[in-house]
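Listed below are the residues making up each chain.
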Amino acid sequence: MIVTLTANPALDRTITLGAALRPGEVQAADSVREDAGGKGVNVSRAVAAAGVDTVAVLPIALDDPYGAVVAAAGIQTKAVPVLRHVRANLTIADPDGVTTKINLPGDPVTAADAAAVAAAVVEASQGARWLVLAGSLPRGVADTFYVEIADAVRSRWGADAPLIAVDTSGAALRKVVEHGAADLIKPNDEELVELTGVELDEGSLADAVHRVARRLVPEHAASALVTLGGAGAVLVTADGAWFAEAPRIKVASTVGAGDSSLAGYLLAEHAGLGPAARLQSAIRYGAAAASLPGTQAPTPDDLGTADIVARSL
């Protein structure tokens, strides 16, 4: 079982244009689609599509239309009734795969609602292999929210507590790292720089990312999966580091690609594969997601057959 928390879910609306975006002008769209979004939901969708059990914990008001959209996604959810409605995110994609995103902040969360969400995550984590704490935190929630949940889960389940993966950014990620709360963090290269305050050296991007991530692993996080967009990804653990390039694809939308990368990593770990194979799976899933329009989660049939080679750093 892989449990995910999406503390700040979103209804993702994707508008596909027939030409490049022209700011300040009136422009017709080729198509529009709506997907249940939010990092944890995206991870659960990819995991479920691979036939592995998953539960997505998320706060939803009883009358929120998002409930119908996430139900249509075909994943098992543990909905926590709250007062606020889910925010909306707007994505504009052009034929070249250039993506423009406008993410709304959403309404604040009350202290009572935040406590209910945390309690639901603790209960859902019983017997799970992984708990994924993913995405931005809603307004009204402390930057330490993920740390508090991780502590509560480990306190409740002890030696049977799940491994904890965190995919967030900014102050929330900084608190997780400061408290050593994660077994796996998944920043991209820009988020890694923001987190550490260390710029990447010129030259090999993979080597530069490895050097910076090594400042965190294993002292502040057991491992780090650092995604590099179209350049691939770097995996750093206490025992080593690996890099693999991404396959060449036609990009349709990069929204959710990082979430699918994390799902690919977790699925490979769930299958008992080693670190190099987990990295390869992460890249394969991320590339598959980027080749699909909107915020679609790839299925095993979408993964392609391109050769992905992971090399030690």
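Note that residues are indexed from 1 along each chain, following the sequence as it is written. Predicted model: local features are reported for residues with pLDDT of at least 70 only, side-chain atom pairs are reported and counted for 80 or more only, and whole-chain, interface and lining totals are derived from all residues. To get the side-chain values, all heavy atoms of the structure are used, and hydrogens and water are removed first.

> Any chance you could explain the overall build of the protein here in plain terms?
Secondary structure elements are defined from DSSP: runs of H or I of at least 4 residues count as helices, runs of E of at least 2 residues count as strands, and each element is numbered from the N terminus. Along the protein, the regular secondary structure elements total 9 helices and 14 strands. The C-alpha radius of gyration computed for the protein amounts to 19 Å, which stays within 12% of the reference 20 Å derived for 313 residues, consistent with globular compactness. With the C-alpha coordinates aligned to their principal axes, the bounding extent of the protein is approximately 55 × 45 × 40 Å. The 313 residues of the protein split such that 52% are buried. Each radius of gyration is computed over the set of C-alpha atoms, and the globule rule expresses the reference value as 2.2 Å times the number of residues to the power 0.38. When a residue's accessible area, from a 1.4 Å probe over protein chains only, is under 20% of the maximum for its type it is buried; when over 50% it is exposed; and in between it is partly exposed.

> When you look at the packing of aromatic side chains in this model, what are you seeing that I'm missing?
The way to describe two aromatic rings as a pair is by their centre distance and the angle between their planes. Pairing of aromatic side chains here covers Phe, Tyr and the six-membered ring of Trp, requires ring centres within 6.5 Å, and sorts the geometry by plane angle: under 30 degrees stacked, over 60 edge-to-face, intermediate tilted. By the definition in use, this model includes 1 aromatic pair. With a centroid separation of 6.4 Å and an interplanar angle of 35 degrees, the aromatic rings of Phe145 and Tyr146 are classed as tilted. Grouping residues by exposure puts Phe145 and Tyr146 together as buried.

> Can you help me understand the pattern of salt bridges in this one?
Think of it this way: side chains of opposite charge can pair up when their charged atoms draw near. Any Lys or Arg side-chain nitrogen located within 4 Å of an Asp or Glu carboxyl oxygen qualifies as a salt bridge. Evaluation of the coordinates by the stated rule reveals 11 salt bridges. A salt bridge links Arg45 to Asp35; the shortest N-O distance between them is 3.9 Å. Taken as a pair, Arg45 in helix H1 (residues 39–49) and Asp35 in strand E3 (residues 29–37) lie far apart in primary sequence, 10 residues in all. Accessibility expressed as a relative area gives 12% for Arg45, which makes it buried.

> Would you mind showing me how to read the side chain of Thr54 here?
Along the chain, the position of Thr54 falls in strand E4 (residues 54–60). Judged by its relative accessible area of 5%, Thr54 is buried. Once residues within four sequence positions are removed from consideration, Thr54 is found in contact with Met1, Ile2, Thr4, Ser44, Val47, Ala48 and Gln76. Residues are treated as being in contact if the distance between any of their heavy atoms lies within 4.5 Å.

> Would you take a moment to explain the packing of helix H3 (residues 111–124) against helix H4 (residues 145–157) for this structure?
Between two packed helices, both the angle of their axes relative to each other and the distance between the axes serve to describe the pair. For helices, the axis comes from a line fit to the C-alpha atoms of the stretch in contact; other axes are also lines fit to C-alpha atoms, and the angle between any two N-to-C directions lies between 0 and 180 degrees. For the pair H3 and H4, interaxial distance at closest approach is 9 Å and the crossing angle is 40 degrees. Overall, the two elements H3 and H4 adopt an arrangement that is oblique. As for how H3 packs across H4, the hand of that crossing is right-handed. Here H3 contributes Ala114, Val117, Ala118, Val121, Val122 and Glu123 to the contact with H4, which in turn contributes Phe145, Ile149, Ala152, Val153, Arg156 and Trp157. Should an angle lie under 35 degrees it is considered roughly parallel, over 145 roughly antiparallel, and from 65 to 115 roughly perpendicular; all remaining angles are considered oblique. Should the near helix be turned anticlockwise from the far one by less than a right angle, the crossing is left-handed, and should it be turned clockwise, the crossing is right-handed.

> Got a minute to help me understand the sheet that holds E3 in this structure?
The strands making up a sheet associate through hydrogen bonds between their backbones, and the pairing can be parallel or antiparallel. Between any two strands, at least two bridges found by DSSP are needed for them to pair. The strand order E3-E2-E6-E7 describes an open sheet built from 4 strands, whose pairing is mixed. Edge strands, defined here as strands with exactly one partner in the open sheet, are E3 and strand E7 (99–103). Taken pair by pair, the neighbouring strands of this sheet meet at an average axis angle of 15 degrees, ignoring direction. As defined by bridge partners, strand E6 (residues 87–93) adjoins E7 across 5 bridges and the pair is classed as antiparallel. Note that in E7 the partner of Ala93 across the bridge is Thr99.

> I'm lost on the nonpolar core in this one. Help?
Looking at soluble globular proteins, one finds that nonpolar side chains tend to be buried together. Counting residues in hydrophobic clusters, the biggest one holds 53 residues, and the most contacted among them are Leu5, Val57, Phe145, Tyr146 and Ile149. Not counting the four nearest positions on each side in its chain, Val57 is found in contact with Val3, Thr4, Leu5, Thr6, Lys78, Val80, Ala120, Val121 and Ala124. Residues belong to one nonpolar core when they are buried, are Ala, Val, Leu, Ile, Met, Phe, Trp, Tyr or Cys, and are joined through side-chain atoms within 4.5 Å.

> Can you walk me through unusual backbone geometry in this structure?
Negative phi characterises most residues that are not glycine, and trans characterises most peptide bonds. For the bond from Val217 to Pro218, the omega torsion is 0 degrees, close enough to zero to count as cis. Tracing the chain through its elements places Pro218 in the loop between helix H7 (205–213) and strand E11 (223–227).

> Would you explain the pairing of E11 in this entry?
The side chains of a regular strand alternate, first on one face of the sheet and then on the other. With respect to burial, E11 is a largely interior element, 5 of its 5 residues being buried. Taking every second residue as pointing to the same face, both faces of E11 are buried, with Ser223, Leu225 and Thr227 on one and Ala224 and Val226 on the other. Across 5 bridges, the pairing between E11 and strand E12 (residues 233–237) is antiparallel. By the bridge assignment, Ala224 is partnered in E12 with Val236. The turn linking E11 back onto E12 is made up of 5 residues, and Gly229 within it adopts a positive phi angle of 60 degrees.

Worth remembering: the numbers are spatial, not functional.
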